[in-house]
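# Inside the fold
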Amino acid sequence: MSALDLRCYLVTSGTGRRTVEVAAAAAAAGAGVVQVRAKEASAADLLELTCAVAEAVHAANPATRVLVDDRPDVAWAALRRGAAVHGVHLGQDDVPVADARALLGPEAIIGLTTGTPELVRAAEAQRDVLDYIGAGPFRLTPTKDSGRPPLGVDGYRELVAATALPIVAIGDVTPADAAALAGTGVAGVVMVRALMEAPDPGAVVREVLTDFEDGAKRR
């Protein structure tokens, strides 16, 4: 399997056909990761959505990895059905990383939410069972309240220096932020509304990939 491409990372919202369509469009344009997130959905509904997204994403771009937010059990059930699901993204209060790894196996991709130097250092101590970490919020966001202060661009430099794990920036990131964030050394940017609400999600992904590469080259 090719290296994990975190440069442009979509977290979905909603549970309808639009969710599936945006995920497929983002994948087709080169988004490396699609995380299926539906906090209010039942486990059964999340499983159906995950399988639908995985099928559409795989058809659009087999290289794009599909992760499930919070629920390693749902990821496992989707895999058991034969869906092209690759792992899980966990929060600080979810199933411990080591237990998710034991359930999903050595090939699964597992990410963990952080956002402070202390949380990043704790994640670094679990580097043998983690693939990447998310860090945020970049700025305050209406989609999720972490209770942590926003990091801004400058806040990521300390976090990147504290771990060998790849870090993705999350929290109301827009395409206009991609170049500056790439300059901090993060491995990618996570977008929710900027992609889910875009008239042309594919165009946004292509813009982000170009700008992220430009920003990384200027480091």
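It should be noted that the structure appears before, not after, this text.
Remember, it's a predicted structure, so these values are computed and weren't measured experimentally. (Residues numbered from 1 in each chain as written. Predicted model: local features only at pLDDT ≥ 70, side-chain atom pairs only at ≥ 80, totals over all residues. Heavy atoms only, no water.)

## What to know about the sheet that holds strand β6 (residues 132-135)
Hydrogen bonds between backbone atoms are what pair the strands of a sheet, whose relative direction is either parallel or antiparallel. Under the convention used in this document: By this definition, two strands are paired if DSSP reports at least two bridges between them. Numbered from the N terminus, helices here are DSSP runs of H or I no shorter than four residues, and strands are runs of E no shorter than two. Throughout, an axis means a line fitted to C-alpha atoms (over the contacting stretch in the case of helices), and angles, computed between N-to-C directions, take values from 0 to 180 degrees. Residue contacts follow a heavy-atom distance rule, with two residues in contact if any of their heavy atoms lie within 4.5 Å.
An order of β1-β2-β3-β4-β5-β6-β7-β8 is seen for the 8 strands of this closed barrel, with the pairing classed as parallel. Looking at each pair of strands side by side, their axes are set apart by 25 degrees on average, direction ignored. Both strand β3 (residues 65-69) and strand β4 (residues 87-90) contribute to a ladder of 3 bridges, which runs parallel. Looking at the pairing, L67 lines up with G87 of β4. Against the sheet, helix α9 (residues 201-217) touches β1 (8-11) and β8 (188-191), its axis set at about 155 degrees to β8.

## Examining the pairing of β4
Cut-off, in case you're wondering: With a 1.4 Å probe rolled over the protein chains alone, any residue whose accessible area is under 20% of its type maximum counts as buried; one over 50% counts as exposed, and the rest are partly exposed. Seen with its strands pointing away from the viewer, a crossover is right-handed when the path leading from the first strand over the helix to the second is clockwise.
In β4, alternate side chains face the same way, and those of G87 and H89 on one face and V88 and L90 on the other are all buried. A crossover links β3 with its parallel partner β4, the connecting element being helix α3 (residues 72-80), and its sense is right-handed. By the bridge criterion, 4 bridges tie β4 to strand β5 (residues 109-114) in an arrangement that is parallel. For G87, the partnering residue across the bridge sits in β5 and is I109. Handedness of the crossover joining β4 and β5 through helix α4 (residues 97-104): right-handed.

## Considerations on the environment of D214
Tracing the backbone through its elements, the reader meets D214 in helix α9. On the accessibility criterion, D214 (33% relative accessible area) is partly exposed. Residues D214 and A38, spaced 176 residues apart in sequence, show a C-alpha to C-alpha distance of 33 Å.

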